[in-house]
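# Notes for the structure review
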Amino acid sequence: MCDFDGTLVDTRRANARAYIQTLDEVGIHITEEEYLARWFGMRCNEFMTTMGITDAAERERLRLRKIELYPSYFETLRLNEPLWNFCRDFRQKGGKVWIVSTGSRANIDNVMHYLGLEEEIDGILSGLEIEQPKPAPDCFLEVMRREGCTAAESLIFEDSAVGLAAAEASGAAYFKVTFEE
């Protein structure tokens, strides 16, 4: 199982720029550095609330606008080639490869399509499909349930503190992934 943003694909700049443009349109100004240091990896609803957007309908409108703008910045995406090669080899030998992310399913699907990877995984479990987000282990446990496997038969790749906490709590073996700058 692979986390998506920051683990399988470096989406930091694309996410930051799409959020910056979205927020600029409503008069809220942040820098890419601020977003990456303070808010990258936060669920959209929570992020928008921290930006002072308390109206649920406005948060949803801005979430959809961010999704609309996101592909404009795909030239900044970087695939984690070593991890992707491992996943492809593992899958060719009969293993199952899932994307497990708190990110938006629409964003994940868009990036996977852009990179031509959508046919090379077994499933995606995104943020809104699980009631308790990371650091709760629910997302990983749900994939294990769906695949009929145990924690001892699972391997997780994660980058964030909350993702690593969820991986550890799931009982599965896990690796911390760090992108080289």
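Refer to the structure above for everything that follows.
This write-up is about the structure you can find in this document. (Residues numbered from 1 in each chain as written. Predicted model: local features only at pLDDT ≥ 70, side-chain atom pairs only at ≥ 80, totals over all residues. Heavy atoms only, no water.)

In terms of regular secondary structure, the protein is built from 8 helices and 6 strands. Put simply, the protein runs from its N terminus to its C terminus through helices and strands in the order β-α-α-α-α-β-α-β-α-β-α-β-α-β. The C-alpha radius of gyration of the protein comes to 16 Å, within 12% of the 16 Å expected for a compact globule of 181 residues. Residues counted as buried form 46% of the 181 residues belonging to the protein. For the protein, restricting intrachain contacts to residue pairs at least 6 apart in sequence, the fraction spanning at least 24 positions comes to 67%. Taking the average location of the 20 positive side-chain charges in the protein and that of its 32 negative ones, the two points are 1 Å from each other. (Helix = DSSP H or I, 4+ residues; strand = E, 2+ residues; numbered from the N terminus. Rg over C-alpha atoms; globule rule 2.2 N^0.38 Å. Buried < 20%, exposed > 50% of the residue type's maximum accessible area, 1.4 Å probe, protein only. Contact = heavy atoms within 4.5 Å. Lys, Arg positive; Asp, Glu negative; His and termini not counted. Charge placed at Lys NZ, Arg CZ, Asp CG, Glu CD.)

Take the packing of aromatic side chains next. Pairs of aromatic rings are described using the distance from one ring centre to the other and the angle between the two planes. All told, the structure shown has 10 aromatic pairs when counted by the stated rule. Here Phe-86 and Phe-90 contribute two aromatic rings whose centre-to-centre distance is 6.2 Å and whose plane-to-plane angle is 10 degrees, an arrangement assigned as stacked. Linking Phe-86 with Phe-90, this pair stays in helix H5 (residues 81–92), spanning 4 residues, or about one helical turn. The class of Phe-86 is partly exposed, set by a relative accessible area of 38%. Classification of Phe-90 as partly exposed rests on a relative accessible area of 39%. (Phe/Tyr/Trp six-rings, centres within 6.5 Å; stacked < 30°, edge-to-face > 60°.)

Once that is clear, we can look at the nonpolar core. When a protein is soluble and globular, its nonpolar side chains tend to lie buried together. By size, the foremost hydrophobic cluster in this structure holds 25 residues, and its most contacted members are Phe-4 and Leu-8. Of all the secondary-structure elements, those providing two or more residues to this core are helix H1 (12–24), H5 and helix H6 (105–115). Among all residues touching Phe-4, those that are not within four sequence positions of it are Val-9, Thr-11, Ile-99, Val-100, Ser-101, Ile-108, Val-111 and Met-112. (Core = buried A, V, L, I, M, F, W, Y, C linked by side-chain atoms within 4.5 Å.)

A few words now on helix H8 (residues 161–170). Owing to its 3.6 residues per turn, the α-helix aligns residues three or four sequence positions apart on the same side. Along H8, the positions that sit buried rather than exposed are Gly-163, Leu-164, Ala-166, Ala-167 and Ser-170. Angularly, the buried residues of H8 cover 160 degrees about the axis, an arc narrow enough to put them on a single face. Set apart from the buried face of H8 by more than 90 degrees, the exposed residues are Ala-161 and Glu-168. In this structure, the buried residues of H8 make contact with helix H7 (138–147), strand S5 (155–158) and strand S6 (173–176). Taken from the residues just after H8, Gly-171 is the one with a positive phi, measuring 90 degrees. (Arc of directions from axis to C-beta.)

Oppositely charged side chains can form a pair if their charged atoms are brought close together. In this structure the tally under the stated criterion is 16 salt bridges. Arg-91 is the partner of Asp-122 in a salt bridge, and the nearest nitrogen-oxygen pair spans 3.0 Å. Of this pair, Asp-122 sits in the loop between H6 and strand S4 (123–125) while Arg-91 sits in helix H5, and the two are 31 residues apart along the sequence. Given a relative accessible area of 28%, Arg-91 falls into the partly exposed group. (Salt bridge = Lys/Arg side-chain N within 4 Å of Asp/Glu carboxyl O.)

So, about the state of the cysteines. Applying the stated criterion across every chain yields a total of 0 disulfides. Cysteine Cys-87 remains unbridged, with the sulfur of Cys-2 as its closest cysteine sulfur at 3.5 Å. (Disulfide = S-S within 2.5 Å.)

Packing of H7 against H8 leaves a shortest axis separation of 8 Å and a crossing angle of 45 degrees. Here H7 lies oblique to H8, going by the angle between them. Contacts between H7 and H8 involve Phe-140, Leu-141 and Met-144 from the first element and Gly-163, Ala-166, Ala-167 and Ser-170 from the second. Along the lines of polarity and charge, the residues of the contact of H7 with H8 split into 5 nonpolar, 2 polar and no charged. (Axes fitted to C-alpha atoms, helices over the stretch in contact; angles between N-to-C directions. Parallel < 35°, antiparallel > 145°, perpendicular 65-115°, else oblique. Nonpolar A, V, L, I, M, F, W, Y, C, P; charged D, E, K, R; others polar.)

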